[in-house]
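Working through the structure, step by step
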Amino acid sequence: MQRSTRARKSPRVGDKIYETEDRPAESQQTGISHPTTVSPSSYVTPYTPLSSDAEEAATALKANEPVKVQLGAQIDGFGTIVCDTILVKSDKTQHGEVSGREADLMLATYYANELLLRLMIPPGLLASGTGEEKKKAAAEKRPTQSKISQMVETVVKSYGCNVVEGTTSWLFERNEIEGKKKIVLNPPDKEGKAEGSPEVGEVWGVEIGVSLGAGKVKTLDQRPTLHRRTTITYQLKRPSSRQTLSEIVKKFGNFPFSLRQLDDERAAKVGVVECVRSNVLRQYEVVTDKDNAPVARLLTTIGEFACATRDKLR
Amino acid sequence: MPPAVDVSRYKSDKKVTDDSILKMLEQPTAKPTGAKGKNKKKKKKAAKKSTEEEEEESSEEE
């Protein structure tokens, strides 16, 4: 990714690529399960600034900063989401090599993610050998959320980094990316208990967030632009609110979307106000690292299948 | 399939030292397919060859 690319421009390119790719059969509904978001440096929440918000639209990427690119697609309501972190090119980069704290951050995130993916596998799923050996492997105790969190933090701290508090992996269900189960890393005090463990046949969105700072977060006083439909029904009073909600349900269902994806961005900014106030829409607050320290994130959609291979999951 | 991450380009003086974690990182995340795939191809070729031989024999008899 080049320096000075506007954080607003790349998401449009990402969504456009989805629209031009080969699509499955007409009988199957397809769509975006997560808008393309480009989140610079200390941003934790997927960032999707609006053209009509001039100051934010002018946000430029800087050399050597970590940038999180997140996007997703869905077929028939079964969604996948991915997030990768890349470093913006720098003149100081020698032969493509990265050193210093940026290298620590990228390695911490990579190895923490690799460990977390393995901790998500139900015991015995990949066991080989005799029937007895497989049974023994399947009977092994699965790690608790506390154990998972502790092990991941050990990896991250090895590189002088910290896990972003409240980083959550969710069970994916049909038309739902925040299902009945979740695993929370570095949970904040009052919330964030795990609910359930991965089982065979399930699909999970596995997330890791790592900070060069202490891992604490803060909410910025910026306009939230990422929203999703809730299960709450409410008779909206304003015609603009009803029109906006109708467009949202038709285009995105229960999946998250950016206000920039609606036909009229300016009208959308007005239309969502009542929807959010009445809890018909949930807005994702803009959250960043408390110390403005650089943050890296990875999000992997995995399937826990007994006979699956890497090839079949794609 | 996306290319694997090239971690060798990140130069750090720090590393993971916990043995239990290092052992876990060596474990696979999926079952291997290489050997099974080759066997299937061989079986398919053998089955195809024997079918072709049977067809040749039956056409000769006619």
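Structure: see above.
Residues numbered from 1 in each chain as written. Chains lettered and ligands numbered in written order. Predicted model: local features only at pLDDT ≥ 70, side-chain atom pairs only at ≥ 80, totals over all residues. Heavy atoms only, no water.

1. Here's the deal with the overall build of chain A
Quick reminder of the rule: Helix and strand definitions follow DSSP, with helices as H or I runs of at least four residues and strands as E runs of at least two, each counted in order from the N terminus. The contact rule is simple, with two residues in contact once any of their heavy atoms fall within 4.5 Å. Shrake-Rupley sampling with a 1.4 Å probe provides the accessible areas, and residues are treated as covered by the protein chains on show and by no other component.
Broken down by element type, chain A carries seven helices and 14 strands. Within chain A, contacts between residues separated by at least 24 positions form 75% of all contacts whose residues are at least 6 apart in sequence. With the model as given, the accessible surface of chain A reaches about 15,700 Å², and the carbon-plus-sulfur share is 50%.

2. Considering helix α3 (residues 100-119) of chain A
The condition that has to hold: Expected span of a helix: the number of residues minus one, times 1.5 Å. Note on classification: 1.4 Å probe, protein chains only; a residue is buried when its accessible area is under 20% of the maximum for its type, exposed when over 50%, partly exposed between these limits.
Over its 20 residues, α3(A) runs 29 Å from end to end, which matches the ideal 28 Å to within 8%, given 1.5 Å per residue. Most of α3(A) sits out of view: 15 of its 20 residues are buried.

3. Comments concerning the environment of Trp204(A)
All names here are of chain A. The following threshold applies: Pairing of N or O atoms within 3.5 Å defines a polar contact, subject to two protein rules: one partner must be a possible hydrogen donor and the other a possible acceptor, and residues neighboring in sequence count only if both atoms are side-chain atoms.
Residue position: Trp204 is located in strand β8 (residues 203-211). For the pair formed by Trp204 and Gly179, sequence separation is 25 residues and the distance between their alpha carbons is 9.1 Å. For Trp204, the side chain forms a polar contact with the side chain of Glu202, separated by 3.0 Å.

4. Quick word on the nonpolar core
Our working definition: In this text, buried Ala, Val, Leu, Ile, Met, Phe, Trp, Tyr and Cys residues form a nonpolar core when linked through side-chain atoms within 4.5 Å.
Leu115(A), Val152(A) and Cys161(A) are the most contacted members of the largest nonpolar core, which has 38 residues in total. Of all elements in the fold, only α3, α5 (145-158), β7 (182-185), β8 and β14 (295-303) of chain A together with α1 (19-25) of chain B reach the threshold of two or more residues within this core. Considering each element in turn, this core owes the most residues, ten residues, to α3(A). The contacts of Val152(A), once residues within four sequence positions are left out, are Ala112(A), Leu115(A), Leu116(A), Val163(A), Leu185(A) and Ile208(A).

5. Notes on the layout of surface pockets
Residues and elements named next belong to chain A. Selection criterion: Think of a 1 Å grid over the protein atoms and nothing else: a 1.4 Å probe that fits but is trapped marks a cavity, an open set flanked by protein within 12 Å on at least five of seven lines marks a pocket, and residues with an atom within 4 Å of a point count as lining. Grid points are joined across faces, edges and corners, and a volume is the space filled by probe spheres set on the points. Each residue receives one of three labels: charged for Asp, Glu, Lys and Arg, nonpolar for Ala, Val, Leu, Ile, Met, Phe, Trp, Tyr, Cys and Pro, and polar for the others, Gly being one of them.
Counted as a void, the second largest pocket has a volume near 1,000 Å³. Surrounding the second largest pocket, 34 residues form its lining, Gly166, Thr168, Trp170, Arg282 and Tyr284 being those nearest its centre. When its residues are assigned to classes, the lining of the second largest pocket shows 15 nonpolar, eleven polar and eight charged.

6. Quick word on the packing of α3(A) against α5(A)
Residue and element names in this part refer to chain A. For clarity, the cut-off: For every element, the axis is a line fit to its C-alpha atoms; helices are fit only across the contacting stretch, and the angle between N-to-C directions ranges from 0 to 180 degrees. Note on angle classes: values under 35 degrees are labelled roughly parallel, values over 145 roughly antiparallel, values of 65 to 115 roughly perpendicular, and the remainder oblique. The hand of a helix crossing depends on one turn: near helix anticlockwise from the far one by less than a right angle means left-handed, and clockwise means right-handed.
Interaxial distance between α3 and α5 falls to 8 Å at its minimum, and their mutual angle equals 155 degrees. As the angle between them shows, α3 and α5 are arranged roughly antiparallel. With respect to the hand of their crossing, α3 and α5 are arranged in right-handed fashion. Taken together, the residues of α5 that come into contact with α3 (itself represented by Ala108, Tyr111, Ala112, Leu115, Leu116 and Leu119) are Ile148, Met151, Val152, Val155 and Val156.

7. Points about the pattern of salt bridges
Residues and elements named next belong to chain A. Which entries qualify depends on this criterion: Each reported salt bridge corresponds to a side-chain nitrogen of Lys or Arg within 4 Å of a carboxyl oxygen of Asp or Glu.
According to the stated counting rule, one finds 16 salt bridges over all chains in the structure shown. In this structure, Lys180 and Glu173 form a salt bridge, with 2.7 Å as the shortest nitrogen-oxygen distance. Classification of Lys180 by relative accessible area gives exposed; the value is 61%. The partner of Lys181 in a salt bridge is Glu202, with the nearest N and O atoms 2.7 Å apart. One end of the pair, Lys181, is in the loop between β6 (167-172) and β7; the other, Glu202, is in the loop between β7 and β8, with 21 residues separating them in the sequence.

8. Some details on empty space enclosed by the protein
Residue and element names in this part refer to chain A. On inspection of all chains with the given rule, the structure shows one cavity of 30 Å³ or more. By volume, the largest cavity is sized at about 50 Å³. The wall of the largest cavity is formed by Thr45, Pro46, Tyr47, Thr48, Pro224, Thr225, Leu226, Tyr284 and Val286.

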